[in-house]
Amino acid sequence: MAEIERLQGLAAVSSAQARVLVLGSMPGAISLQQQQYYAHPRNGFWPIMANLAGFPADLAYSERLTALLDAGVAIWDVIGHCQRQGSLDTAIKNEQVNDFASFFSQHPKLQVIAFNGAKAAQSFKRHVLPLQIVPTEIALINLPSTSPAYAALSLQEKLKQWQQLKSFIY
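Criteria and cut-off values
Residues numbered from 1 in each chain as written. Predicted model: local features only at pLDDT ≥ 70, side-chain atom pairs only at ≥ 80, totals over all residues. Heavy atoms only, no water. Phe/Tyr/Trp six-rings, centres within 6.5 Å; stacked < 30°, edge-to-face > 60°. Buried < 20%, exposed > 50% of the residue type's maximum accessible area, 1.4 Å probe, protein only. Helix = DSSP H or I, 4+ residues; strand = E, 2+ residues; numbered from the N terminus. Core = buried A, V, L, I, M, F, W, Y, C linked by side-chain atoms within 4.5 Å. Contact = heavy atoms within 4.5 Å.

Caption draft 1: Local environment of the packing of aromatic side chains. If you walk through the whole model with that rule in mind, you get 11 aromatic pairs. Seen from their ring centres, Tyr37 and Tyr38 are 6.2 Å apart, and the 35° between their planes marks the pair as tilted. Given the relative accessible area of 2%, Tyr37 is considered buried. Residue class for Tyr38 comes out buried when judged on its relative accessible area of 13%. Taking 5.0 Å as the distance between ring centres and 25° as the angle between the ring planes, the aromatic pair formed by Trp76 and Phe103 counts as stacked. Separated by 27 residues along the polypeptide, Trp76 in strand β3 (residues 73–77) and Phe103 in helix α4 (residues 100–106) bring together distant segments of the chain. By the burial criterion, Trp76 is buried, and Phe103 matches it.

Caption draft 2: Examining the nonpolar core more closely. With 54 residues, the main nonpolar core has Val22, Phe124 and Leu165 as its most contacted residues. Take this core: its biggest share by element is seven residues, from helix α2 (residues 45–53). In contact with Leu165, not counting residues within four places along its chain, are Val20, Val22, Leu52, Val112, Ala114, Ile141 and Leu143.

Dropping the structure here:
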């Protein structure tokens, strides 16, 4: 049996001015291949964030990142390295989390961490919260995954729940 490939996630997209940190679990195969967050064409992340932050969802990737940063939103993943075949969170093994101690020290204006799906929240609570490095003033919000693999809610139903972030943007 072949060994499962060890994957490395993407670097954080952030600025010191970020008030919102959206955390996924680990980028899917298409995102890793393209080195772009939420690159799967059916992922609802970009349409949802475009709606919340008021930018066109069809902007070029670099322009969408700039629009998010301008809105005070950072994006990253809980898991920095793992083993996984395919793109499903349920296939993640041997996860290692990113360096959140450094991240929090470099982002003093953070007000909220929004988890894009249950796996991101679960991994953060299991591996990061016990380190007692999360500033107490930061709110933690669980949101439904924007992944097309999470089909229990429509994009509109997901957007309704993601509206909780609106008060932190801009």
